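Architecture and fold: a report
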There are 2 protein chains.
Amino acid sequence: MSQRKSVTMKDVAREAGVALSTVSHFLNQSAPLSEETRQKIKKAIEKLNYRPNLTARNLKKRKTNTIGVFVPDIANPFYAEIYKGVADAAREKKYNVILYATSYQKDREYDFVRLVTQWQVDGVIVSYSLIDENLWSKLERADIPLVLVDVYPVNNRWPSVVVDSETGIQLAVQYLFNLGHREIAYLSEPPYILPLVKRQQAFIDSIKHLKLPLNKEWILVEKKQANRVEIGYALGKKLLSGKNLPTAVVTSSDLVAIGAMKAFLESGLKIPDDMSIVGFDDIIFSSYVHPSLTTIRQPKYEMSKKGTEFLLQLIERRESFALQDKLHRIKPVLVERLSCSAPRKR
Amino acid sequence: MSQRKSVTMKDVAREAGVALSTVSHFLNQSAPLSEETRQKIKKAIEKLNYRPNLTARNLKKRKTNTIGVFVPDIANPFYAEIYKGVADAAREKKYNVILYATSYQKDREYDFVRLVTQWQVDGVIVSYSLIDENLWSKLERADIPLVLVDVYPVNNRWPSVVVDSETGIQLAVQYLFNLGHREIAYLSEPPYILPLVKRQQAFIDSIKHLKLPLNKEWILVEKKQANRVEIGYALGKKLLSGKNLPTAVVTSSDLVAIGAMKAFLESGLKIPDDMSIVGFDDIIFSSYVHPSLTTIRQPKYEMSKKGTEFLLQLIERRESFALQDKLHRIKPVLVERLSCSAPRKR
DNA sequence: CTGAAAGCGCTAACAC
DNA sequence: GTGTTAGCGCTTTCAG
């Protein structure tokens, strides 16, 4: 094979003239040592350029101190935030994190499951709705600590941290209503995860609840997976091509909103004067587009951080949790920026 | 400890009534087996829900089949692209990748070095300029396969894939010049990596070369680390507060450009009519801001993919490489979009 | 406080 | 084809 020869604890022990276990104790501070031995060992380590082998340690301890995160696409700022929450929580407890991103490619889901089931990680955060039922059951059999973030409980098996999508959409619609809008459209990426389904339904419910017109042409839901911004752009154009134009738009995510804004601006509409728009997520870019985007803020970072802290508890205590603890619903808030105003008379 | 009891190859062998090594051969396809034994083993694995322990395998083979990627900030789309290139190249060769992002926090750099030096990864892609000289030397001592991406060779020690920043900036300045601009500013994030230093110098050189006025007030370089877009926004405002306004701006990165655009638009300037702007990088968002951003495209994905392929060769062949192979310079191209036009008479 | 010894689960000769 | 065996580098009793 191709490996370099490596310096082991044994070498260090020999060099320092102590027993192997003493070196181990030194490294793990698992026993008090005399200052003299400490120095000898320190010197030996330095001299030999010894570096402990984590793999061996992991094998022995049957623990890797690593958790996995599973997301569809890391270039999506939403998931980048999720990742950060996980990474920060993990770091606090001295865990490493290994990221899996599928780019929405199905075969990659299997790779992830393989990783998880081969003792490479102590637990896993899933922010991805595995399409394949089969994969969920494999994860179930593996019986590995798992927490879902932004994914509703599957099989009532794993704890889950989600944002309350219904409240979010209600917030958006009510906000537009209060501004005077009566004709509101909804643009959505493919509802491949439950929150997206719920948002769509919540939109319809909210419109009905306010007794506003429910125009089928104004509920545009993309079917094909693609870049979120491109989807928004396409949906925006589609909306513009209809005979009746609404005065405001609610979207399933900020990326879709940003794409739609581009379509509107290109066509010469002014935002917010001719068209108000509200997003969902509050990714970092939403405050930097022009005009800045009013949106429903999902506390992604906090969600994934909290979920991860929970996961680490599961790992370290192997504790079972009460059913009522399984679903954590976080309330979203509306972040008011410059993409909405009262409708202009047309 | 907290681990679940685990089913091992030994259990499978017993259950199937064959020798342990036979199971190993089955798993690794390292020897041809009779159909009968294969079936027996398969059944036993299924029955016991056996899952191979990668940690043990790694220890034995002294190889983890994992590479590390080191970046400052994964929420920055530029680095998300870098990550994708690495992930795809790794996947092709059945390697896992583990991501380290520091969020520009110095103490996290040490975590990364620790990971690398503890045999957790077979090699590493670094797209980050470690500030601490000391860390570089630790990596050097560890003697682990390492390839730099978007970082110039350090100590002439590691191979490196970089974009030709000078050419990029020349392209930008020449393009603006050809449009008729004579008063051009340069906005830059902190030049914490060599390419940024080179871009700044290349800007000055280009201006001189074209015999244009070199106004100190028009070369705005931020000192403090911060979100790139916020930096751009702040620099944009600063530029606006000066007494003379240029007609065009070149920036060190798209994120800075996007921030600056926001500042310009807010102040009522029209882009490109009142101010032309060109970015550097071509991140995905640049085509979705309004107006879409003309920029110098860095083939980030290709760079990191290529770098990773190179790394994997180093790992698998432990080959040394000729000096002239160490630096791969990729030529950038100008992507023309809608943020530039001829200057308006003022 | 120090040292000897028994594995963690797997691979890879090497015999049979 | 199949089985035996010696470790990979480390942790962790348990004696001294």
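Keep in mind that what you see is a predicted model, and the values were worked out from it rather than measured.

Taken together, 25 residues lie around DNA strand C, and Ala19(A), Lys60(A), Arg62(A), Met9(B) and Tyr50(B) are the ones closest in. Counting only the atoms of DNA strand C that lie within 4 Å of the protein, the sugar and phosphate share comes to 69%. In the model, a phosphate oxygen of DNA strand C is placed 2.6 Å from a nitrogen or oxygen of the Ala19(A) main chain. For DNA strand C, a phosphate oxygen lies 3.2 Å from a polar atom in the side chain of Ser24(B). Every element with two or more residues in the surface near DNA strand C is listed here: helix H2 (20-28) and helix H4 (54-61) of chain A together with helix H2 (20-28) and helix H4 (54-61) of chain B. Among the residues making up the surface near DNA strand C, the classes are represented as 10 nonpolar, 10 polar and five charged.

So, about the protein's contact with DNA strand D. Around DNA strand D, the structure places 25 residues, and the nearest of them are Met9(A), Tyr50(A), Ala19(B), Ser21(B) and Arg62(B). Sugar and phosphate atoms represent 65% of those atoms of DNA strand D found within 4 Å of the protein. The contact in question runs from a phosphate oxygen of DNA strand D to an N or O atom on the backbone of Met9(A), over 2.6 Å. Asn28(A) places a side-chain nitrogen or oxygen 3.4 Å from a phosphate oxygen of DNA strand D.

This part is about the packing of aromatic side chains. Residue and element names in this part refer to chain B. What the rule picks out here adds up to 15 aromatic pairs over all chains. Judged by centre distance (3.8 Å) and plane angle (5°), the rings of Phe 70 and Phe 112 are stacked. Within this pair, whereas Phe 70 is found in strand S1 (residues 66-71), its partner Phe 112 is found in helix H6 (residues 106-117), the two being separated by 42 residues in sequence. Under the relative-accessibility criterion, Phe 70 is labelled buried at 0%. By relative accessible area, which is 0% here, Phe 112 ends up buried.

This part is about the nonpolar core. Within the largest apolar cluster, 146 residues are counted, with the highest numbers of intra-cluster contacts made by Tyr83(A), Val250(A), Tyr83(B) and Val250(B). In this structure, Leu130(A), Tyr100(B), Leu130(B) and Leu148(B) belong to the second largest nonpolar core, which totals 42 residues.

Bring the parts together and some accessible area is lost; that lost area is often taken as the interface size. On the chain B side, the residues contacting the 68 residues of chain A number 68 residues. Linking chain A to chain B there are 10 salt bridges. Between Arg108(A) and Asp88(B) there is a salt bridge; the shortest N-O distance is 2.9 Å. Sorting the residues of the side of chain A that touches chain B by element identifies H4, helix H5 (77-92), strand S2 (96-101), helix H6 (106-117), helix H7 (133-142), helix H10 (228-241), helix H11 (254-266) and helix H12 (300-317) of chain A as the ones contributing at least two each.

So, on to empty space enclosed by the protein. In this structure the tally under the stated criterion is eight cavities of 30 Å³ or more. Contributing to the lining of the largest cavity are 17 residues, with Thr66(A), Gln120(A), Asn58(B), Thr66(B) and Gln120(B) lying nearest its centre.

With that out of the way, let us pick up the domain arrangement of chain A. Looking at chain A, the domain boundaries give domain 1 (1-48) and domain 2 (165-299). Here the C-alpha centroids of domain 1 of chain A and domain 2 of chain A sit 62 Å apart.

Our focus in this paragraph is the sheet that holds strand S4 (residues 146-149) of chain B. Residue and element names in this part refer to chain B. Strand order in this open sheet of six strands is S2-S1-S3-S4-S5-S11, and the pairing throughout is parallel. This sheet does not close on itself; its edge strands, each paired only once, are strand S2 (96-101) and strand S11 (327-330). On average, each strand axis in the sheet is inclined to that of its neighbour by 15°, with strand direction left out of account. Sheet topology places S1 next to strand S3 (residues 123-126); four bridges connect them, and they run parallel. Paired with Ile 67 across the two strands is Gly 123, which belongs to S3.

Looking now at the pairing of strand S8 (residues 248-251) of chain B. Residues and elements named next belong to chain B. Alternating positions in S8 separate into two faces, Ala 248 and Val 250 on one and Val 249 and Thr 251 on the other, with burial throughout. Strand direction decides the pairing type here: strand S6 (residues 184-188) and S8, joined by four bridges, are parallel. Each bridged residue has a counterpart across the sheet, and for Ile 184 the counterpart in S8 is Ala 248. As paired strands, S8 and strand S9 (residues 276-281) are joined by three bridges and run parallel to one another. Note on S9: the bridge partner recorded for Val 250 is Val 278.

Per the UniProt entry, the sites bearing "domain: HTH lacI-type" (unreviewed entry) are residues 7-61 of chain A in this numbering. As a span, residues 7-61 of chain A carries 71% helix and 0% strand, and end to end its C-alpha atoms are 21 Å apart.

Moving on, we get to the relation of the copies chain A and chain B. Think of it as a corkscrew move, a rotation about one axis and a shift along it, taking one chain copy to the other. It takes a turn of 180° to lay chain A on chain B, together with a shift of 0.0 Å along the axis; the resulting RMSD is 0.1 Å. In symmetry terms, the pair is related by a two-fold rotation axis. Taking C-alpha positions as the reference, the residue of chain A nearest the rotation axis is Ile98(A), at 2.4 Å. In this assembly the copies share their binding face: 100% of the residues contributing to the interface of chain A also contribute to that of chain B.

The rules behind these values
- Residues numbered from 1 in each chain as written.
- Chains lettered and ligands numbered in written order.
- Predicted model: local features only at pLDDT ≥ 70, side-chain atom pairs only at ≥ 80, totals over all residues.
- Heavy atoms only, no water.
- Near = heavy atom within 4 Å.
- Polar contact = N/O pair within 3.5 Å; in protein donor to acceptor, adjacent residues only side chain to side chain.
- Helix = DSSP H or I, 4+ residues; strand = E, 2+ residues; numbered from the N terminus.
- Nonpolar A, V, L, I, M, F, W, Y, C, P; charged D, E, K, R; others polar.
- Phe/Tyr/Trp six-rings, centres within 6.5 Å; stacked < 30°, edge-to-face > 60°.
- Buried < 20%, exposed > 50% of the residue type's maximum accessible area, 1.4 Å probe, protein only.
- Core = buried A, V, L, I, M, F, W, Y, C linked by side-chain atoms within 4.5 Å.
- Contact = heavy atoms within 4.5 Å.
- Salt bridge = Lys/Arg side-chain N within 4 Å of Asp/Glu carboxyl O.
- 1 Å grid on protein atoms, 1.4 Å probe; cavity = no way out; pocket = protein on both sides within 12 Å on 5 of 7 lines; lining within 4 Å.
- Points joined across faces, edges and corners; volume = space filled by probe spheres on them.
- Domains from an automatic or database assignment.
- Pairing = 2+ DSSP bridges.
- Axes fitted to C-alpha atoms, helices over the stretch in contact; angles between N-to-C directions.
- UniProt positions renumbered as here; feature names shortened; annotations may be inferred.
- Least-squares fit on C-alpha atoms with pLDDT ≥ 70 in both.

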